[in-house]
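Reading the structure
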Amino acid sequence: MKELDIAEVAKRAAVPASTLRYYEERGLITSVGRRGLRRLFDPDVLERLALIALGRASGFSLGEIAAMFAPDGQPQIDRQLLTEKADELDQAIRKLGALRDSLRHAAACPAPSHMECPTFRRLLKAAASGAIKGTVISPARRELKPSSQRKKMKRIAGT
């Protein structure tokens, strides 16, 4: 298959060209040349981008993802690291489940005010202690990203 220009890779991988340039800066992908001002990529870059997307969706940082590739570009994934990430996800799922249940209770609570609801008070106490901080967006997801991704993350985080 022939080389793909950056616009085609962006379209097929459903990521902005700015993300592709950023990934190249970080050493996650490599262009194979240029056609005019446009970067060209080997078609195999699409599989690599799929692996990167899977890693990001799983909560791995770009640095962790970069370490999952051997110097020749082939995936070299540490199974123990995958197990540890799965354990982290289990913990996050438990936290989110408890948070969801508390919010549902508070929404339907017969107490005259949320501040009089013991369940809501426990939720407030957990938030104040930091026990639920970072549950939705982990600190690893806040690393430097292209400006469009940083803006999106800020909107999601409400900051």
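Residues numbered from 1 in each chain as written. Predicted model: local features only at pLDDT ≥ 70, side-chain atom pairs only at ≥ 80, totals over all residues. Heavy atoms only, no water.

1. Overview of the sheet that holds strand β1 (residues 4-5)
Sheet architecture is open: 3 strands sit in the order β1-β3-β2, paired in antiparallel fashion. The open sheet has two edge strands with one neighbour each: β1 and β2 (33-35). Bridge analysis of β1 against strand β3 (residues 38-41) gives 2 bridges, and the strand direction is antiparallel. Across the sheet, residue Leu-4 finds its bridge partner in β3, namely Phe-41. (Pairing = 2+ DSSP bridges. Helix = DSSP H or I, 4+ residues; strand = E, 2+ residues; numbered from the N terminus.)

2. A short note on the nonpolar core
Among the nonpolar cores identified, the biggest contains 18 residues, and Tyr-23, Ile-29, Leu-49 and Ile-52 are the most heavily contacted of them. Those elements giving two or more residues to this core turn out to be α1 (6-13), α2 (17-25), α3 (45-57) and α4 (62-66). When neighbours within four sequence positions are excluded, Ile-29 is seen to be in contact with Leu-20, Tyr-23, Glu-24, Phe-41, Val-45, Arg-48, Leu-49 and Ile-52. By size, the runner-up hydrophobic cluster in this structure holds 6 residues, among which are Ala-106, Cys-109, Phe-120 and Leu-123. (Core = buried A, V, L, I, M, F, W, Y, C linked by side-chain atoms within 4.5 Å. Buried < 20%, exposed > 50% of the residue type's maximum accessible area, 1.4 Å probe, protein only. Contact = heavy atoms within 4.5 Å.)

3. Regarding helix α6 (residues 118-129)
Taking 1.5 Å per residue as the helical rise, α6 with its 12 residues ought to reach 16 Å, and the 16 Å between its terminal C-alpha atoms agrees with that figure. Buried-residue contacts for α6 involve α5 (79-108). Of the residues flanking the end of α6, it is Gly-130, one or two places downstream, whose phi is positive at about 85°. (Expected span 1.5 Å × (residues − 1).)

4. Concerning unusual backbone geometry
Positive phi, normally seen in glycine, also occurs at Ala-14, with a value near 60°. Looking at Ala-14, the relative accessible area reads 67%, which means it is exposed.

5. Here's the deal with the side chain of Asp-5
As for its position among the elements, Asp-5 is in strand β1. A polar atom in the side chain of Asp-5 sits 2.9 Å from the backbone nitrogen of Glu-8. (Polar contact = N/O pair within 3.5 Å; in protein donor to acceptor, adjacent residues only side chain to side chain.)

6. A short note on the side chain of Ser-102
Looking at the secondary structure, you find Ser-102 in helix α5. Among residues more than four places away in sequence, those in contact with Ser-102 are Thr-119 and Leu-123.

7. Things to note about the pattern of salt bridges
Within this structure, the stated rule accounts for 5 salt bridges. Between Arg-12 and Glu-8 there is a salt bridge, with the nearest N and O atoms lying 2.7 Å from each other. Of the two residues, Arg-12 and Glu-8 are both situated in helix α1; the distance of 4 residues between them amounts to about one turn of the helix. Exposure remark for Arg-12: the relative accessible area of 42% places this residue in the partly exposed category. Residue Asp-101 pairs with Arg-100 through a salt bridge whose shortest N-O separation is 3.0 Å. (Salt bridge = Lys/Arg side-chain N within 4 Å of Asp/Glu carboxyl O.)

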